[in-house]
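Breakdown of the fold
Single-letter residue listing:
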Amino acid sequence: MTRLMLGRTLERICKGVLLLCLLHFLIMMILYFDVYSQRFDLFSRFNNGRNGSRNNGSGAPGGSGHHYYYYNLSRPNATLASYLATGEQLLPSAKPETNHTPSPKLLPPCPEIPPGLVGRLLIEFSSQMTMERVQKENPNVTEGGRYTPPDCRPRWKVAIIIPFRHRDNHLKYWLHYLHPILRRQRIDYGIYIINQLGEDTFNRAKLLNVGYTETLKDGEYDCFIFSDVDLIPMDDRNLYHCYDQPRHFAIAMDKFGFRLPYAGYFGGVSGLSKKQFLKINGFPNEYWGWGGEDDDIYNRITLNGMKVSRPDVRIGRYRMIKHERDKHNEPNPQRFNKIQNTKNTMKRDGISSLTYRLVQVKRFPLYTNISVEIGKPPPRPFRG
């Protein structure tokens, strides 16, 4: 009796184990076929896409006109599974194709602090300089002295204006140093030489007014930097663009012991936006000969509620090319009286009253030359 009960118990246990095994087998088969069917479906999609890429597209013999995708498995760290996982996104759309021209890629804005700046520069004028050498050094500068960064969008479009007469040797050095500096600063710029024809008394400020007027005919500039041709910056972190306030760049020249000569000094190299320039009615036209016009400009800025901004004294350092004083650019004996009357004269004497005769505009590989006649100084009042 005991043996019979034991046998039945063992029989039941064996049947239970067999049922569990059968159930496990059935579950495994169901899971296997389910996974296999999914894998087969995805592989068929992949193969169709790959084979489709071998067929001709629209316009080729035998082409169906449909768009096929080619999956590049050579990308680093790419696997087949990663592409299969996104298969739904890569499959061709059922929507009909429309012919369209892709829009040009929008460049990012240029960084406020360009990454390629080198800081303090060694400036020397002893080696011989030629225009041919400077041109070879700057192959990316286009005709007329124009340059635009190829990889970003500058904030300002800058016209650099140089009053000029009989300074060809200085111009070679200026172009030699400034073009590489400006390119490193990622500036969209053009170089304009405003050449005063004839041998009458030189008028720097009036030439700068001419430069402002003529450069606007050549491009949509919104920033204007006015530079003497004999001043070279010694640090490329002195960024040549406009600021919220009128900018004085050349604050520490070697001829002044690398110090600002006085608080109201605004000479050498300065910059104003179009809005700032028009607010002060441009520069005075009646300063014939050397001196005074920079102080008048400083007065115009302060009288119109603006302040002069400057770089750090360690960055705003300049070297001047030594030279003798130009003929017909003697010190203006009337400059002190004129400076005292800026408040009374600035509304009637400036860009609004500018007169000149444009003679020639000629584009060279590294700059644009604008030759003008600006007249003669009025006769001095007779003192009995």
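Every value quoted in this text rests on a predicted model; they were computed, and no experiment measured them.

Glancing now at the sheet that holds strand S7 (residues 252-253). Taken in spatial order, the 3 strands line up as S5-S9-S7 in an open sheet, and their pairing is mixed. Looking at which strands have only one partner, the edges of the open sheet turn out to be strand S5 (231-233) and S7. Bridge count between S5 and strand S9 (residues 317-320): 3 bridges; the pairing is antiparallel. Paired with Leu 231 across the strands is Met 320, a residue of S9.

Turning next to helix H6 (residues 204-218). The end-to-end C-alpha distance of H6, which contains 15 residues, comes to 21 Å, matching closely the 21 Å that a straight helix rising 1.5 Å per residue would cover. Counting buried positions over the 15 residues of H6 gives 11, a clear majority of the element. Buried within H6 are the following residues: Arg 204, Ala 205, Lys 206, Leu 207, Leu 208, Asn 209, Val 210, Gly 211, Tyr 212, Glu 214 and Thr 215. By the N-cap criterion, in which a side-chain oxygen at the helix start approaches the backbone nitrogen of a residue two or three places on, H6 is capped by Asn 203, the distance to Lys 206 being 3.0 Å.

Take the pairing of strand S8 (residues 269-273) next. With 5 of its 5 residues buried, S8 lies for the most part within the structure. Because side chains alternate across S8, one face comprises the buried residues Val 269, Gly 271 and Ser 273, and the other comprises Ser 270 and Leu 272, equally buried. Bridge count between strand S4 (residues 223-227) and S8: 5 bridges; the pairing is antiparallel. Note that in S8 the partner of Ser 227 across the bridge is Val 269. Direction of pairing for strand S6 (residues 247-248) relative to S8: antiparallel, over a ladder of 2 bridges. Across the sheet, His 248 pairs through a bridge with Ser 270, a residue of S8.

Below, the discussion takes up the pattern of salt bridges. In this structure the tally under the stated criterion is 16 salt bridges. When the shortest N-O distance is used, the salt bridge between Arg 146 and Asp 218 registers 3.2 Å. With Arg 146 in strand S1 (residues 146-147) and Asp 218 in helix H6, this pair connects stretches of sequence that are 72 residues apart. Asp 218 sits in the partly exposed class, given a relative accessible area of 22%. A salt bridge links Arg 204 to Asp 228; the nearest nitrogen and oxygen atoms lie 2.8 Å apart. One end of the pair, Arg 204, is in helix H6; the other, Asp 228, is in the loop between S4 and S5, with 24 residues separating them in the sequence.

A separate point is the environment of Ile 193. Within the secondary structure, Ile 193 sits in strand S3 (residues 188-196). Classification of Ile 193 by relative accessible area gives buried; the value is 0%. Distance from Ile 193 to Leu 207, taken between C-alpha atoms, is 9.6 Å for residues 14 residues apart in sequence. Not counting the four nearest positions on each side in its chain, Ile 193 is found in contact with Ile 162, Phe 164, Leu 171, Tyr 367, Thr 368, Asn 369 and Ile 370.

Roughly 360 Å³ of internal volume is contained in the second largest pocket. As for the second largest pocket, its lining consists of 19 residues, of which Pro 111, Glu 112, Arg 155, Trp 156 and His 241 are closest to the centre. Classifying every residue of the lining of the second largest pocket gives 11 nonpolar, 2 polar and 6 charged.

The share of residues in the protein chain with pLDDT of 70 or more is 75%, and the mean pLDDT across the chain is 82. Confidence drops under pLDDT 50 across residues 35-98; counting only partners more than four residues distant or on other chains, this segment forms 39 contacts.

Turning to the side chain of Asp 228, a few remarks are in order. Separated by 2.8 Å, the side chains of Asp 228 and Arg 204 make a polar contact. Beyond its immediate sequence surroundings of up to four residues, Asp 228 is in contact with Ile 162, Pro 163, Trp 174, Arg 204 and Gly 268.

A word on the side chain of Asn 195. Along the chain, Asn 195 turns up in strand S3. Classification of Asn 195 as buried rests on a relative accessible area of 15%. At 3.4 Å, the side chain of Asn 195 and the side chain of Ser 371 are in polar contact. If sequence neighbours within four positions are ignored, Asn 195 has contacts with Phe 164, Arg 165, Asn 369, Ile 370, Ser 371 and Val 372.

Cut-offs used in this document
Residues numbered from 1 in each chain as written. Predicted model: local features only at pLDDT ≥ 70, side-chain atom pairs only at ≥ 80, totals over all residues. Heavy atoms only, no water. Pairing = 2+ DSSP bridges. Helix = DSSP H or I, 4+ residues; strand = E, 2+ residues; numbered from the N terminus. Expected span 1.5 Å × (residues − 1). Buried < 20%, exposed > 50% of the residue type's maximum accessible area, 1.4 Å probe, protein only. Polar contact = N/O pair within 3.5 Å; in protein donor to acceptor, adjacent residues only side chain to side chain. Salt bridge = Lys/Arg side-chain N within 4 Å of Asp/Glu carboxyl O. Contact = heavy atoms within 4.5 Å. 1 Å grid on protein atoms, 1.4 Å probe; cavity = no way out; pocket = protein on both sides within 12 Å on 5 of 7 lines; lining within 4 Å. Points joined across faces, edges and corners; volume = space filled by probe spheres on them. Nonpolar A, V, L, I, M, F, W, Y, C, P; charged D, E, K, R; others polar. pLDDT = per-residue confidence, 0-100.

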